[in-house]
Amino acid sequence: RDWEKELHQAMEAGCKGLKIHPILQRIPPEDPFYFDLMEAFTPYGRPVEIHSGEFSFYITEDGYSCYGDARRLEKLIAAFPGIPFIMVHMGLYYPERAIELARRYDNVYLETSFQPVRVVREAVRVAGRERVMFGSDWPESNQKYALSIIRKVAGEDNDLKERLTGGNILALLS
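One structure accompanies this document, and this report is about it. Please read these numbers as outputs of a predicted model, since none were measured by experiment.

**Here's the deal with the sheet that holds strand S3 (residues 85–88)**
Stage number 1. With parallel pairing, five strands are arranged side by side in an open sheet as S1-S2-S3-S4-S5. Here the strands that pair on one side only, and so sit at the sheet edges, are strand S1 (18–20) and strand S5 (132–133).
Stage number 2. The pairing of strand S4 (residues 108–111) with S5 spans two bridges and is classified as parallel. If you follow Glu 111 over to S5, its bridge partner there is Met 133.
Stage number 3. Across the sheet, helix H5 (residues 95–104) touches S3 and S4, and the angle it forms with S4 is around 145°.

**Quick word on the pattern of salt bridges**
Stage number 1. Applying the stated rule across the entire model yields 10 salt bridges.
Stage number 2. The residue Asp 159 makes a salt bridge to Arg 129 at a minimum N-O spacing of 2.7 Å. Pair noted here: Asp 159 is in helix H8 (residues 158–173) and Arg 129 is in the loop between helix H6 (117–127) and S5, with a separation of 30 residues, a long-range link.
Stage number 3. Judged by its relative accessible area of 39%, Asp 159 falls in the partly exposed class.
Stage number 4. By relative accessible area, Arg 129 is classed as partly exposed at 25%.

**Overview of the nonpolar core**
Stage number 1. Counting residues in hydrophobic clusters, the biggest one holds 39 residues, and the most contacted among them are Met 38, Val 48, Phe 85, Met 87 and Leu 110.
Stage number 2. Considering each element in turn, this core owes the most residues, six residues, to H6.
Stage number 3. Excluding anything up to four places from it in sequence, Met 87 contacts Ile 50, Ser 52, Ala 70, Leu 73, Ile 77, Ala 98, Leu 101, Val 108, Tyr 109, Leu 110 and Glu 111.
Stage number 4. Counting five residues, the second largest nonpolar core, distinct from the first, contains Ile 86, Val 88, Met 133 and Leu 172.

**A closer look at the layout of surface pockets**
Stage number 1. One number sums up the size of the largest pocket: a volume of about 220 Å³.
Stage number 2. For the largest pocket, the full set of lining residues is Lys 19, His 21, His 51, Phe 55, Phe 57, Val 88, His 89, Leu 92, Tyr 93, Phe 114, Asp 137 and Glu 140.
Stage number 3. When grouped by side-chain class, the residues that make up the lining of the largest pocket number six nonpolar, three polar and three charged.

**Quick notes on a nonpolar patch on the surface**
Stage number 1. Among the surface-exposed residues, Leu 24, Phe 55, Phe 57, Tyr 93 and Tyr 94 lie close enough to one another that they form a single nonpolar patch of about 480 Å² accessible area.
Stage number 2. Structurally, Leu 24 is set in helix H2 (residues 22–25).
Stage number 3. Residue class for Leu 24 comes out partly exposed when judged on its relative accessible area of 40%.

**Thoughts on the environment of Pro 47**
Stage number 1. Here Pro 47 is to be found in the loop between helix H3 (32–41) and strand S2 (48–51).
Stage number 2. Residue Pro 47 is classed as buried on the basis of its relative accessible area, which comes to 5%.
Stage number 3. Here the alpha-carbon distance between Pro 47 and Asn 107, two residues 60 residues apart in the chain, equals 9.4 Å.
Stage number 4. With residues up to four places along the chain from it excluded, the contact list for Pro 47 reads Lys 16, Gly 17, Leu 18, Phe 41, Pro 84, Ile 86, Leu 172 and Leu 173.

Definitions and limits used
Residues numbered from 1 in each chain as written. Predicted model: local features only at pLDDT ≥ 70, side-chain atom pairs only at ≥ 80, totals over all residues. Heavy atoms only, no water. Pairing = 2+ DSSP bridges. Helix = DSSP H or I, 4+ residues; strand = E, 2+ residues; numbered from the N terminus. Contact = heavy atoms within 4.5 Å. Axes fitted to C-alpha atoms, helices over the stretch in contact; angles between N-to-C directions. Salt bridge = Lys/Arg side-chain N within 4 Å of Asp/Glu carboxyl O. Buried < 20%, exposed > 50% of the residue type's maximum accessible area, 1.4 Å probe, protein only. Core = buried A, V, L, I, M, F, W, Y, C linked by side-chain atoms within 4.5 Å. 1 Å grid on protein atoms, 1.4 Å probe; cavity = no way out; pocket = protein on both sides within 12 Å on 5 of 7 lines; lining within 4 Å. Points joined across faces, edges and corners; volume = space filled by probe spheres on them. Nonpolar A, V, L, I, M, F, W, Y, C, P; charged D, E, K, R; others polar. Patch = residues over 30% accessible without salt bridge, like charges linked within 9 Å, V, L, I, M, F, W, Y side chains within 5 Å. Areas by Shrake-Rupley, 256 points an atom, 1.4 Å probe, with all protein chains shown as cover.

Structure follows, in structure tokens:
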């Protein structure tokens, strides 16, 4: 399996984590490939970003957007409790699905891109200040807008602002 060699080379070269995107990779989240990948990735002790949220990337519907449904990631998350999984976009249009996974699994982290203030506040309430982190999905969205949401959520709580804007991801990467 050539991907195992490539994974090892990337990790040895200093890669800080892994990103999987079931929609763009066109592989359902329940596919054995992802379980094999996580098994090979586990020894590195680094986080995995997962695109979460149903979204069609093409002009015509191709049938793969359902692979982004956060609920479909549960078996993978449950099977690898030692891997920190970062739910990128926090489920997009259905953030309650990603937040529920964070409530149930301590290895689920929530990334804030495309989410409004009320959703980010709920994420912090449910997952805790240690498992929510800033994201903007730049250049697809405006970083200034995404940062203004974090400022509103944190208010005068400088510790929370620091955690959300870099502290939490740095803790995962150290």
